[in-house]
Amino acid sequence: MVYVTQGLVEALLELAAEAEPEKVTISLAVTPAGDLSGDVELSPETPVFTHFYPPDAGGSVTAVFGIDLSIPAGQTQGRFVSHPQGPLQVTRSDDLHETVIVAVPPWDDDSVAAFDRSGRRQSLSRVDAEPPTELL
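Along each chain, residues carry numbers from 1 onward, in the same order as the chain's sequence is written. Local features in this predicted model are restricted to residues of pLDDT 70 or higher, and side-chain atom pairs are both shown and tallied only at a pLDDT of 80 or more, whereas totals for entire chains, interfaces and linings draw on every residue. Where side-chain values are given, they derive from all heavy atoms of the structure, hydrogens and water being excluded.

Observations concerning the overall build of the protein chain
For clarity, the cut-off: Working definition: helices are DSSP H or I runs of at least four residues, strands are E runs of at least two. Numbering for both runs from the N terminus. Each residue's exposure class comes from its accessible area (1.4 Å probe, protein chains only) as a fraction of the maximum for that residue type: buried when under 20%, exposed when over 50%, partly exposed otherwise. Residue contacts are counted whenever heavy atoms from the two residues lie within 4.5 Å of one another. Here the Shrake-Rupley method, with its probe set to 1.4 Å, supplies the accessible areas, and only the displayed protein chains count as covering residues.
Per the secondary structure count, the protein chain includes two helices and 10 strands. Each helix (α) and strand (β) of the protein chain, taken in turn from the N terminus, gives the series β-α-β-β-β-α-β-β-β-β-β-β. Within the protein chain, the proportion of its 136 residues that are buried is 38%. Here the contacts in the protein chain between residues at least 6 apart in sequence split such that 52% fall between residues at least 24 apart. Carbon and sulfur atoms make up 49% of the accessible area of the protein chain, which amounts to about 7800 Å² in all.

In structure tokens:
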């Protein structure tokens, strides 16, 4: 089972719609369910996808050095990929991760699915909760 906050799903679908007809690939991070606020009926250590790293963050550094320094190493457990022309599955051209969340038009709740790194579909459950407030 893959858990994701409803707010994150909405944000990712909005980013995918804005980028269409281009494909979007976004790194995703989790928060333990016990750290979320809201009515969360999950074990406190259950990982819930709550955050994303903007796809353009660190673009100039990446262009110069050829490595992505905008995302801390080992800090993302998943990836979001949009497929503007379909299909709702992992493809050979996708950037893989241990969990891949894929979306297709019309960019609504029914057009999102989760997969493992080998492309097997996983159950996706939306959690109505908020991650803790973080200060920069």
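Regarding the pattern of salt bridges
In plain terms, the rule: When a carboxyl oxygen of Asp or Glu is within 4 Å of a side-chain nitrogen of Lys or Arg, the pair counts as a salt bridge.
Scanning the entire structure with this criterion turns up three salt bridges. Two residues, R126 and D109, come together in a salt bridge whose shortest N-O distance is 3.7 Å. Placement of the pair is R126 in strand β9 (residues 124–127) and D109 in the loop between β6 (99–103) and β7 (112–116), with a sequence separation of 17 residues. Of the residues examined, R126 reaches a relative accessible area of 29% and is grouped as partly exposed. Owing to a relative accessible area of 35%, D109 belongs among the partly exposed residues under this scheme.

Here's the deal with a negative patch on the surface
Short version of the rule: Residues forming no salt bridge and having over 30% relative accessible area are the ones grouped into patches, like charges within 9 Å of each other and nonpolar side chains (Val, Leu, Ile, Met, Phe, Trp, Tyr) within 5 Å. When charges are counted, Lys and Arg are positive and Asp and Glu negative, with His and the chain ends excluded. Note that the charge is assigned to NZ on lysines, CZ on arginines, CG on aspartates and CD on glutamates.
Residues D39, E41, D128 and E130 make up a contiguous surface patch of negative charge. Inspection of the secondary structure puts D39 in the loop between β3 (37–38) and β4 (47–53). With a relative accessible area of 64%, D39 lands in the exposed category.

Brief notes about the sheet that holds strand β2 (residues 25–32)
To be explicit about the condition: Between any two strands, at least two bridges found by DSSP are needed for them to pair.
As summarised here, the arrangement of the eight strands in space is β8-β7-β6-β5-β2-β4-β1-β9, forming an open sheet in which the pairing is mixed. Looking along the sheet, the strands with just one partner apiece sit at the ends: β8 (121–122) and β9.

A short note on the nonpolar core
Here is a general trend for soluble globular proteins: nonpolar side chains tend to be buried in one another's company. Our working definition: By nonpolar core is meant a set of buried Ala, Val, Leu, Ile, Met, Phe, Trp, Tyr and Cys residues that side-chain atoms within 4.5 Å join together.
Counting residues in each nonpolar core, the largest one holds 18 residues, and the members touching the most others are L28, F49, F80, I101 and V112. The set of elements that each furnish at least two residues to this core consists of β1 (2–5), α1 (6–19), β2, β6 and β7. In terms of residue count, α1 provides more of this core than any other element does, five residues in total. Among all residues touching I101, those that are not within four sequence positions of it are L28, F49, R79, F80, V81, V112, A113 and A114. Ranked by size, the runner-up nonpolar core spans seven residues in total, among them Y3, A33, L36 and V48.

Digging into the pairing of β1
Neither face of β1 is left uncovered, since the one carrying V2 and V4 and the one carrying Y3 and T5 both have all their residues buried. Pairing between β1 and β9: four bridges, direction parallel. Residue pairing in the sheet places Y3 in a bridge with S125 of β9. With two bridges connecting them, β1 and β4 associate as parallel partners. Directly across from V4, in β4, lies its bridge partner F49.

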